[in-house]
Each structure stands twice: as C-alpha cells, then as structure tokens.
Amino acid sequence: MSSTPVGRVASASERIETTAPRIGPRGLDTGAERPTRPAGRPTGGRGSFWVWAVALGAALAASVIAAVTIGPAGLAPTDVVASVLAHLGIGEPTLSPLRDGIVWELRMPRVLTAAAVGAGLALCGAVMQALTRNPLADPYLLGLSSGASVGAVIVIVLGVGLLLPFAAFAGALVALVATLALAGAAGRGSGRGSGGGLSPTRTVLAGLAVSSMFGAVTSLVIFWSATGDSYREILNWLLGSLAGTDWVSVAIAGGALVAIGIPLIASARTLDAFAFGDAAASALGVHVGRSRLLLLGGTALLTGALVAVSGSIGFVGLILPHGVRLLVGSRHRALLPLSALAGALFLVWADTAARTLFDPRELPVGIITALVGGPVFALLLMRRRVS
C-alpha cells in the first residue's frame, strides 16, 4: 500500500462499505450488525455500476429525443434526429423552417437545459450530503436559492429581466460568501472543533440563518414593489421554471456542469474519506478544512449557475441521491455519476409533464418535482431507508 496521502485515501475508500456509516435499509448503519466484507467488495460493485450507467445513459438519450417530439406540434423521432444532424452539418435539412424552428429553437434547448440542471442538482445534492454527513442536505443548504431569489426579484421589479441570470448568480455568490463567513466566524469564536471553522454543523446553521435573512429581503421586495406581470414572473421564477430557455441557457448550465461537475465527480475518494468523520479523514491525509471549502465552493458555484437559468427547483438534489444510493451503495465514484444521470432523466420528464399536462397552460416545473418528490421522500422515511 502506498504511504502517500493519496494512497492512504485510496486504500481507505476501498473499505468504506465495511467500516464507514452508511444509509441502509434500517436507517444509519454503523457496521456493528453486518458481517465484514473483504476490502474492495462494496455493495453494488463495478459490474452493477456499469450496468446502471449504460441503462441510465441510454434512457436519457432516448428521453431527450422523445421529449422533443411531445407537444402541440406533433413530431416524429426521425424529424428530431434529422433536424439535429442538419444543424450539425451532417446531411441536408428535411423539415420545413417552421418545424425545424420548433425542434431546434424551442424544444431542444429546453430539454437539454432540463437535463443539465437535473444532473447538476442531483450531483450537488450528493456532494452536500457527504460533506455535511446529513441525509437531508440539498444543493440549497447554504442559502444559495434565497440569495439568487433576491437578485432575480430585484431585476424583475426594475424591469431589466434580461439581466436575470447574472443577477441570480450574483445573489447566490453573495449568499455563499455570507454563509462561509458566518460559519468561519462562529468556528473562530468557539475556539475548538476539528476541520477549522467550517464544521458540518456550523455550516448548516449558517446556511439556515443566511437563507432566512435573504428570504425576508425577497418577501419585502415582493410585498413592496411587485405588481401585475412582474408579480407573475417572480412567482414563476421562485417556483422553478424552464420556460423561455434558449441555447444561452444550455451554454450556462451545460458549461457549468462540465467545468465544475467533472472535478466534483473526481473528488469521490475525498468524499469517501469524509464518511469516517473529520478527524479520521485528516488522519487519512485529507486536508479537511481546505477540501471542505473547495468542495462547498464548487458545489455552490454550480448550484448558482443552475438556479440562474431555472429558478429554484426543489427535491431533485434531495431525492435522487437517495434513490441511486439504494441501487449501488454509498461509494461516491459510483454514486456521483449515476446521480447526475438519474437527475437529468428525472427533470427531463418532469419538465415535459409541466409543459404538456395542462396545455395550453404551463406549470412551473418545481410544482411537478414537489408533487413527485414529497410522496417519494415520505415513502423512504416510512420504510426507514433514510436515517
């Protein structure tokens, strides 16, 4: 076994399933009542990971094509494929300009944005649950959604909606800085605790405080200034909606997912080490304070970019990691990518339902995710799948 910190973390991550706490069928499993497995034999091995990865990837690709065909203007899957290939410079256009515009300018950007947002939220939820060791953690735990809401509401009230993505992202960053500063100050004031000022408990509590403060500011702005169309637009954004997304939205959400999501997935072994607790992770060679700060910062930046284009969509980052964990276990090198695929698949169909179930009226997608996520989470609690 390597004597380097990386080698020790890698070796320790191979034994996560036999020694670290995990969420199991009877709640939080500490390992006291289950037989010891040899190192490298976790629940849901490499074979099951690839089976699920291929299955979810194929389902996602098919769902993207199928979702684009659903709507008032009936389209066939072959129409979608032909339009995409033509815009990629492969083959000649076969659709009329109107039908091609429906595929390429309206539905495809929305479906791809839904996939990117769903993947990113589920990934961030899995990372947050690992960092805080809290199964109820989600991407909005640091007050990011409330901060983004302040920025979005202000620009909508001022009538400069074109700046909404930038204002929402800026608001999320302000909330992140406030949360980390408050958690750090609380840690220095306490004068104790491993991992520096950013312990899981202090970070969660700081996020709740910042979220409450920014939520109050949002409510004040809405009560004092929002009327008519601006009120409806604000409500639509606060509930989460992908209406009006375009290729710029795809670039923002997809670019953030690639730039930040890949490094987060690459941090799987560090997240495995955090399952032992801060003191044990430090003994394994992980720089706890720096690693937590970097991972929290990356998660917050990705969440801020996603919220900027979609509004606050709940339950995706909370429910999907738990569902995937039931399939492949708690090892993060399987959990993180599969959570992203599952989140993308879920939000594609949730958004498709939001725009078609009550046609010509459209529901905010956050209502659909809550209607599905709430009962599912209650079922998991009743079955004691979540501690």
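Our subject is the structure that appears above.
Residues numbered from 1 in each chain as written. Predicted model: local features only at pLDDT ≥ 70, side-chain atom pairs only at ≥ 80, totals over all residues. Heavy atoms only, no water.

**Concerning the packing of helix 10 (residues 247–266) against helix 13 (residues 288–310)**
Across the interface, helix 10 lies against helix 13 with an axial gap of 9 Å and an inter-helix angle of 165 degrees. Classed by the angle they form, the pair helix 10 and helix 13 counts as roughly antiparallel. Along this stretch, helix 10 crosses helix 13, giving a crossing that reads as left-handed. Facing helix 10, whose interface residues are Ser249, Ile252, Ala253, Ala256, Leu257, Ile260, Gly261 and Leu264, helix 13 presents Leu295, Gly298, Thr299, Leu301, Leu302, Ala305, Leu306 and Val309. Residues belonging to the contact of helix 10 with helix 13 are distributed by class as follows: 12 nonpolar, four polar and no charged. (Axes fitted to C-alpha atoms, helices over the stretch in contact; angles between N-to-C directions. Helix = DSSP H or I, 4+ residues; strand = E, 2+ residues; numbered from the N terminus. Parallel < 35°, antiparallel > 145°, perpendicular 65-115°, else oblique. Left-handed = near helix turned anticlockwise from the far one by under 90°. Contact = heavy atoms within 4.5 Å. Nonpolar A, V, L, I, M, F, W, Y, C, P; charged D, E, K, R; others polar.)

**Points about the nonpolar core**
Soluble globular proteins tend to bury their nonpolar side chains together. Formed by 100 residues in total, the largest nonpolar core has its most connected members in Val117, Leu302, Ile313 and Leu347. Contacts of Val117, omitting those with residues within four sequence positions, involve Ala253, Leu306, Val309, Ser310, Ile313 and Leu347. (Core = buried A, V, L, I, M, F, W, Y, C linked by side-chain atoms within 4.5 Å. Buried < 20%, exposed > 50% of the residue type's maximum accessible area, 1.4 Å probe, protein only.)

**Remarks on the packing of helix 14 (residues 316–328) against helix 16 (residues 365–382)**
Where helix 14 meets helix 16, the axes come as close as 10 Å, and the angle between the chain directions of the two elements is 45 degrees. Classified by the interaxial angle, the pair formed by helix 14 and helix 16 is oblique. In the packing of helix 14 onto helix 16, the handedness of the crossing is left-handed. Taken together, the residues of helix 16 that come into contact with helix 14 (itself represented by Val316, Leu318, Ile319, His322 and Leu326) are Thr369, Gly373, Val376, Phe377 and Leu380. Split by residue class, the contact of helix 14 with helix 16 holds seven nonpolar, three polar and no charged.

**Structural notes on the pattern of salt bridges**
Taken as a whole, this structure holds five salt bridges when the rule is applied. Ionic pairing is found between Arg99 and Asp79, a salt bridge with its closest N-O pair at 3.3 Å. Taken as a pair, Arg99 in helix 5 (residues 97–132) and Asp79 in helix 4 (residues 77–87) lie far apart in primary sequence, 20 residues in all. Looking at Asp79, the relative accessible area reads 17%, which means it is buried. When the shortest N-O distance is used, the salt bridge between Arg133 and Asp278 registers 3.2 Å. (Salt bridge = Lys/Arg side-chain N within 4 Å of Asp/Glu carboxyl O.)

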